[in-house]
Amino acid sequence: MPHDNDLKIEDFHIANLKGLAEKRSKLVHTFGALAELGHEVASRSNFQETIRTSLHLILGSLGIMRGGVARYSRFEHELNMLAVRGLGDSFPLSLELCYEDERQFLTNGLAAIEVSQAAVLPFFQVYGRTFDDTRLELFLPLVIRDETVGAIFLGEKATGEPYTTYDKEIVCAMGRHIGSAIAQRNLLSEIECRSDENRKLYDDLKMTYADTVKAFAAAIDCKDKYTEGHSVRVGKYSEIIGQELGWNAEEVEGAAVAGYLHDVGKLTVERKIINAPYRINAKESAELNKHPAVGFEILAPIHHPYADVPLAAKYHHERLDGHGYPDGLYDRQIPYIAKVVNLADSFDAMTTDRPYRRRRPANEVFEDLQRNAGKQFAPEIVSAFFRGILNELNGETKEKKFRKLLGREYMEAEGLAVSLRNSLNAMTPTSNLTMISTARSA
Amino acid sequence: MSTEAVSLSPAGVKTAVVYADDYLNKLTGEKIERECKLRLEEGCTELVVDLSQTEIVNSIGVSILLGVIDVASNAGAKVVFSEVNENTVELFEMLGVNRHAAIVNRG
Ligand SMILES: [Fe+2]
Ligand SMILES: [Fe+2]
């Protein structure tokens with residue numbers, strides 16, 4: 001026999017107008033709540049707020065005194081309460097499920113379970129007392145697409161009557177909305193977690209790559225006892241130039257790597273040629289001059305996170321005027337990164353002692369660079385490099401990179417800042433002249 | 001929403017009147033809930049929720065009012081809903097709210 005409150009089509013034939021009106025307004029009220037719940041879930045507002053509102057809507061639609069919504073963690077096998085009303089302080093914030101509970105809930109699907117009838121399940125044995133104390137009557141496992149994502153706990157109805165089939169259907173319909181909201185949230189967290197993992201993995205890979213590059217640089221430098229640390233310094237100078245050219249972090253890292261690896265081809269050149277304590281002869285020179293091409297062959301098959309690293313190795317001895325090697329390329333034919341490394345490389349060669357000559361004084365080196373801007377070097381790269389040095393000399397940089405690499409004394413050569421500023425102005429188009437001199441003399 | 005001065009009847013019943021807005025939803029409802037809890041903490045033994053301005057009570061409103069009733073009964077206080085319109089009375093009766101709080105309409 002159907003329960004008194006069950007809504008059946010036949011009911012509408014019964015000439016109980018008051019009852020009919022009441023049922024109709026009950027329908028309007030509950031469907032209003034359902035519509036609002038659907039809207040709330042679809043609104044993509046704050047997840048916690050959505051759950052709290054959903055709980056209000058379920059309780060208010062059927063006049064239920066108390067209840068809660070929980071999210072299921074399948075890793076911890078726990079139902080964690082997301083929102084509660086009227087359950088009291090002693091109600092646990094997380095409730096454990098055992099394998100049997102999980103299995104039963106999945107079999108049960110999204111259908112309301114009467115707490116008083118469920119004593120056979122371990123879950124209701126463990127928490128039975130708590131449920132009695134809080135007067136819980138209905139439990140709804142939120143099973144969405146064959147997965148338990150949460151649960152709804154409901155207390156007694158304000159009418160004091162038991163839940164009808166109609167009530168349970170309403171509870172299930174609302175539960176489906178809430179379950180979907182939780183499932184959606186789970187999916188989102190999983191995607192966030194994955195992308196976070198990917199980022200970490202990428203960072204790890206980058207770190208491994210950076211370590212490998214440094215190890216390579218050390219191996220290259222190790223071979224040449226007179227130019228110890230050359231690759232590392234060229235890497236650092238290239239990095240500074242990249243920064244001064246306004247490159248982004250990735251491009252600046254790429255410039256540093258290109259500098260670190262530019263002479264990797266030297267690994268195959270005979271040690272006695274590299275370490276010759278005299279100016280090498282033509283034959284030896286030809287042997288040494290193979291190192292850019294060999295470097296390219298070594299680097300090309302490797303997948304670098306930065307573009308152009310192999311090209312930097314291949315063309316770092318090319319000159320704008322076409323007098324460089326290996327291919328005698330002209331200005332625009334030379335990859336930009338190779339031009340950057342070329343300047344860094346030349347600067348280091350001039351500022352370090354060689355077996356057959358001492359390093360040249362700073363002022364002389366900068367004059368030389370300026371003089372060769374447009375011949376060997378790209379003028380804007382020379383300007384960028386000068387700006388980097390001037391910034392440090394003017395105390396505008398925190399880290400004193402040049403001082404560390406070249407020594408305090410070298411960088412304190414008399415009139416260095418002034419001559420650098422003059423060189424910079426001489427190389428800069430007139431329109432920028434005033435601006436630079438004002439900025440630098442300030 | 002506002003609260004009238006708490007009055008003390010000769011019988012020692014400390015009453016607070018809380019006025020609800022025209023539409024009882026989550027925002028306004030939660031304000032009433034907080035107000036009621038505050039009055040209960042002050043030792044009120046009777047809460048009068050005046051619904052004379054309230055035209056519509058939706059499900060969220062019902063949930064909040066049931067919450068007020070629950071908190072009050074735990075504190076040993078009773079709740080009275082006053083000046084409730086016809087539709088809301090019908091809703092309260094249908095959902096059993098009237099079993100837990102008196103509905104008093106003077107008009
Ligand atoms: Fe080289
Ligand atoms: Fe080099």
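Residue positions are given per chain, counted from 1 along the sequence in the order it is written. The order in which chains are written sets their letters, starting at A; the order in which ligands are written sets their numbers, starting at 1. Side-chain atom pairs in this predicted model are given and counted only at pLDDT of 80 or more, local residue features only at pLDDT of at least 70, and totals for whole chains, interfaces and linings cover all residues. Each side-chain value is worked out from all heavy atoms of the structure, with water and hydrogens disregarded.

Caption draft 1: Expanded view of the coordination of the iron ion (ligand 1). Residue and element names in this part refer to chain A. Donor atoms from the polypeptide that bind the iron ion (ligand 1) are Asp263 (OD), His291 (NE2), His316 (NE2) and His317 (NE2), placed at 2.1 to 2.3 Å. Metal-centred angles of 80 to 166 degrees between the 4 donor atoms at the iron ion (ligand 1) mark the site as irregular. Counted as coordinating are nitrogen, oxygen and sulfur atoms within 2.8 Å of the metal, or 3.2 Å for Na, K and Ca, while water is not included, which may make sites look incomplete. The sequence pattern formed by the donor residues of the iron ion (ligand 1) is D-x27-H-x24-H-H. In this structure the iron ion (ligand 2) is found 3.2 Å away from the iron ion (ligand 1), and Asp263 serves as a bridging donor for the pair. One end of the pair, His291, is in helix H10 (residues 291-299); the other, His316, is in the loop between helix H11 (309-315) and helix H12 (336-351), and 25 residues separate them in sequence. Both residues of the pair, His291 and His316, count as buried. Four donors are marked tetrahedral only if all angles between them lie between 85 and 135 degrees, whereas four are marked square planar and six octahedral if opposite donors are more than 155 degrees apart and the other angles lie between 65 and 115; the remainder are marked irregular. Secondary structure elements follow DSSP: runs of H or I no shorter than four residues count as helices, runs of E no shorter than two count as strands, and numbering proceeds from the N terminus. Only protein chains enter the accessibility calculation, which uses a 1.4 Å probe; a residue whose area is less than 20% of its type maximum is buried, one above 50% is exposed, and one in between is partly exposed.

Caption draft 2: Representation of the confidence of the model for chain B in the model. All names here are of chain B. Scored by pLDDT, chain B comes out at a mean of 86, with 89% of its residues at no less than 70. Confidence of the prediction at every residue is given by pLDDT, a number between 0 and 100. Across chain B, strand S6 (residues 78-82) holds the top mean pLDDT of 94, while strand S1 (residues 7-8) sits lowest at 62. The ipTM for the predicted assembly is 0.91, set against a pTM of 0.59.

Caption draft 3: The arrangement of the interface of chain A and chain B in detail. Here a residue-residue contact requires only that any non-hydrogen atoms of the pair lie within 4.5 Å. Between chain A and chain B, the residue contacts involve 25 residues of the former and 21 residues of the latter. Accessible area that two parts lose when put together, with a 1.4 Å probe and added across both, is what the buried area reports. Contact between chain A and chain B buries roughly 1900 Å² in total, counting both sides, with carbon and sulfur atoms accounting for 53%. The term salt bridge refers to a pairing of a side-chain nitrogen on Lys or Arg with a carboxyl oxygen on Asp or Glu at a separation within 4 Å. Here chain A is connected to chain B by 3 salt bridges. For Arg66 of chain A, the salt bridge is made with Asp70 of chain B, and the minimal N-O distance between the two is 3.0 Å. Within 3.5 Å is the distance limit for a polar contact, defined as a pair of N or O atoms, with the added protein rule that one can donate a hydrogen and the other accept it, and that residues adjacent in sequence qualify only through two side-chain atoms. One can count 11 residue pairs in polar contact (both at pLDDT 80 or more) joining chain A with chain B. Looking at the side of chain A that touches chain B, the elements that each hand over two or more residues are helix H1 (17-42) and helix H2 (47-62) of chain A.

Caption draft 4: How the structure looks around the coordination of the iron ion (ligand 2). Residues and elements named next belong to chain A. Around the iron ion (ligand 2), the donor atoms from the protein are His230 (NE2), His262 (NE2), Asp263 (OD) and Asp345 (OD), and they sit 2.1 to 2.3 Å away. Expressed as a motif, the donor residue spacing for the iron ion (ligand 2) is H-x31-H-D-x81-D. A relative accessible area of 0% means that His262 is categorised as buried.

Caption draft 5: Looking closely at the sheet that holds strand S4 (residues 113-114) of chain A. All names here are of chain A. A strand pair is defined by DSSP finding two or more bridges across the two strands. The strand order S3-S2-S1-S6-S5-S4 describes an open sheet built from 6 strands, whose pairing is antiparallel. The two strands at the open ends of the sheet, each matched to only one other strand, are strand S3 (94-96) and S4. With 3 bridges joining them, strand S2 (residues 78-85) and S3 adopt antiparallel strand pairing. When the sheet's bridge partners are listed, Asn80 is paired in S3 with Ser94.

Caption draft 6: A look at the pattern of salt bridges. Residues and elements named next belong to chain A. Applying the stated rule across the entire model yields 32 salt bridges over all chains. Arg66 is the partner of Glu156 in a salt bridge, and the nearest nitrogen-oxygen pair spans 3.0 Å. On the criterion of sequence distance, the pair formed by Glu156 in the loop between strand S6 (147-155) and helix H5 (165-223) and Arg66 in the loop between H2 and strand S1 (67-73) is long-range, its members being 90 residues apart. Take Glu156: its relative accessible area is 13%, and that puts it in the buried class.

Caption draft 7: Molecular detail of the packing of aromatic side chains. Residues and elements named next belong to chain A. Any pair of Phe, Tyr and Trp rings, taking the six-membered ring for Trp, is counted once the centres come within 6.5 Å. Such a pair is stacked with planes under 30 degrees apart, edge-to-face with planes over 60 apart, and tilted for the rest. A complete count under the given rule lists 24 aromatic pairs over all chains for this structure. With a centroid separation of 6.5 Å and 85 degrees between ring planes, the pair formed by Phe105 and Phe124 is classed as edge-to-face. Separated by 19 residues along the polypeptide, Phe105 in helix H3 (residues 99-108) and Phe124 in helix H4 (residues 122-133) bring together distant segments of the chain. For Phe105, a relative accessible area of 1% puts it in the buried group. Centre to centre, the rings of Phe347 and Phe366 are 5.7 Å apart; their planes meet at 25 degrees, and the pair counts as stacked. Within this pair, whereas Phe347 is found in helix H12, its partner Phe366 is found in helix H13 (residues 362-371), the two being separated by 19 residues in sequence. According to the relative accessible area criterion, Phe347 is buried, its value standing at 0%. Looking at Phe366, the relative accessible area reads 2%, which means it is buried. Here the aromatic residues Phe91, Phe105, Phe123, Phe124, Tyr127, Phe131, Phe139 and Phe153 are joined through ring pairs into a cluster of three or more. When the NZ atom of lysine or the CZ atom of arginine is within 6 Å of a ring's centre and also within 35 degrees of its normal, the charge is said to sit over that ring. Over the aromatic face of Phe296 sits the side chain of Lys314, whose NZ or CZ is 4.6 Å from the ring centroid.

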